[in-house]
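What the coordinates show
If you want the building blocks of each chain, they are given just below.
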Amino acid sequence: MMSTHYSPQARDPIELTVPQHLAGLRLDQALARLFPEHSRSRIAAWVRAEHVHVGEALGKPKQRVWGGERIRLDAVPAVQAQAHAPEPFALNIVYEDDALLVIDKPAGLVVHPGSGNWHGTMLNALLHHEPRLAAVPRAGIVHRLDKDTSGLLVVAKTLAAQTSLVRQLQQRSVGRIYCALVRGDLGHAGVIDAPIGRHRVQRTRMAVVAGGRSALTHYRPLERFGTVTRIECRLDTGRTHQIRVHLASLGHPVLGDPTYGGRGARSPAPPAGLARQALHAMRLTLDHPATGKPMHWDSPLPADMAAVLAALRAGKQA
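In this text the structure is predicted, and so the values were computed from the model without any measurement. (Residues numbered from 1 in each chain as written. Predicted model: local features only at pLDDT ≥ 70, side-chain atom pairs only at ≥ 80, totals over all residues. Heavy atoms only, no water.)

1. Digging into the environment of D148
Structurally, the position occupied by D148 is in the loop between helix 4 (122-129) and strand 7 (150-156). Judged by relative accessible area, D148 falls into the partly exposed class, the value being 24%. Residues D148 and V110, spaced 38 residues apart in sequence, show a C-alpha to C-alpha distance of 8.0 Å. Ignoring anything within four residues of it in the chain, the contact list for D148 reads A107, G108, R276 and Q277. (Helix = DSSP H or I, 4+ residues; strand = E, 2+ residues; numbered from the N terminus. Buried < 20%, exposed > 50% of the residue type's maximum accessible area, 1.4 Å probe, protein only. Contact = heavy atoms within 4.5 Å.)

Structural data, given as C-alpha cells:
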C-alpha cells in the first residue's frame, strides 16, 4: 500500500503497510520512498521524536523493514511541520550565482530549524529567496555557525554544487578563518588537536572528551591587551562549538561566551554592548563548484566586536 501524500498538519495518523519491494531498507529510507515530498533528514527527525510506530513499537531510524509491517505515522506538531516554510525576511547576501550563495550572517540568527527555533531561521529566509532550494537537502546549507556567532556561510544552490562543497569540506580545502576576542593574555600561536563530543553530564554542551570526534583548530594572537587578546583561528574541522570549546580548554574562553566562558561570581561580566560571544567568521575561501576557480570573501568586524576592540585600544578595561 503506497502513500499518495502525507500532510504533516493532518490531525489523524496515517497508517500503511510496507510493500515488499522495500524489504531490506532502513526504516527512514523506506519512509523516504513512501513520502518523497519530505526529506530523509526530516523523516528521521520524526522517527526520533517518536511520531512513527512499527507495529506496536516505536520505530528507530536504522531498523530494517522486511515488507508487510504495519506503520503508523502520527500527526507532527504544526510548529515542526512548518519548520521548512519560506519566510520573507532579508539576508545579507555578499555573493550569488547559479551554483552558490555566500551570506554574511548576523549574530542572533539561527541557521537551521531545531528545538526552540522552528521559525525565523536562515533556512526559512533562503527558501523564500530561492524556492528551488526546496529540492536541495537542508536548502543547500553545508556548514553552520552558532546562533550568536556572526560571519560568512556558503550555501549550495544545486545538488552538484552541494556535492562539491561537501567534498571540499571533507578534504579540508575550504578555508574558514575567524576573529575572536578571548579572555587573558595569550602570547603564542599554536594548534589545538583535541576530540570533541557531548559533555558527559550536561548534554546540551560540548566538551573535549576521549572518544569524541577529531577536531583541529589553529590559532595565533594578533593584539594583546593584558586581560583580553584578539586572535585569529583557522579550522581544519567543523565540530559543534569547536572554537569555543577548544579555546575554553586552553584556559582562554571567548569573551562573552555564556556557555563556555566560566560560571559563578569569579566569571567576569562581558563588556558593555557585547551580548554574545565575540566570535566572527571573517574570511571564507573555496574552489567554485562549477568552474574550479579559487574564490574568497571577507567580512568586516561587526559593530559590537569593533566597539569592544576600540575600547581596548584606547586603554579601557574589557
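Continuing now.
2. Some points on the nonpolar core
Ranked by internal contacts, the top residues of the largest apolar core, which has 42 residues, are M122, L126, Y178, L181, I231 and L247. Counting only elements with at least two residues in this core, the list comes to strand 6 (100-105), helix 4, strand 7, strand 8 (175-183), strand 13 (228-235), helix 6 (242-249), strand 14 (279-287) and helix 7 (303-313). Apart from residues lying up to four places away in sequence, L247 is in contact with A180, V182, I192, I231, C233, H252, P253 and V254. One finds L22, A30, W46 and L73 within the second-largest nonpolar core, a separate group that totals 18 residues. (Core = buried A, V, L, I, M, F, W, Y, C linked by side-chain atoms within 4.5 Å.)

3. Comments concerning empty space enclosed by the protein
Following the criterion strictly, the structure yields one cavity of 30 Å³ or more and no others. Its boundaries defined by the atoms lining it, the largest cavity holds a volume of some 40 Å³. Surrounding the largest cavity, H143, L152, R176, Y178, A281, M282, R283 and L284 form its lining. If you list the elements that add at least two residues to the lining of the largest cavity, you get strand 8 and strand 14. The leading source of residues in the lining of the largest cavity is strand 14, at four residues. Its residues assigned to classes, the lining of the largest cavity shows five nonpolar, one polar and two charged. (1 Å grid on protein atoms, 1.4 Å probe; cavity = no way out; pocket = protein on both sides within 12 Å on 5 of 7 lines; lining within 4 Å. Points joined across faces, edges and corners; volume = space filled by probe spheres on them. Nonpolar A, V, L, I, M, F, W, Y, C, P; charged D, E, K, R; others polar.)

4. Describing the pattern of salt bridges
This model, assessed by the stated rule, comprises 13 salt bridges. Between R220 and E232 there is a salt bridge whose closest N-O contact spans 3.2 Å. Taken together, the residues span a long stretch of sequence, with R220 in strand 12 (residues 216-224) and E232 in strand 13 at a distance of 12 residues. Overall, the relative accessible area of 41% leaves R220 in the partly exposed class. Its salt-bridge partner being E223, residue R230 comes within 2.7 Å of it at the nearest N-O pair. Like R230, the residue E223 is buried in the burial classification. Among the charged side chains, a network of salt bridges with common partners joins D146, R244 and D257. (Salt bridge = Lys/Arg side-chain N within 4 Å of Asp/Glu carboxyl O.)

Any functional reading would require information that these geometric values do not contain.
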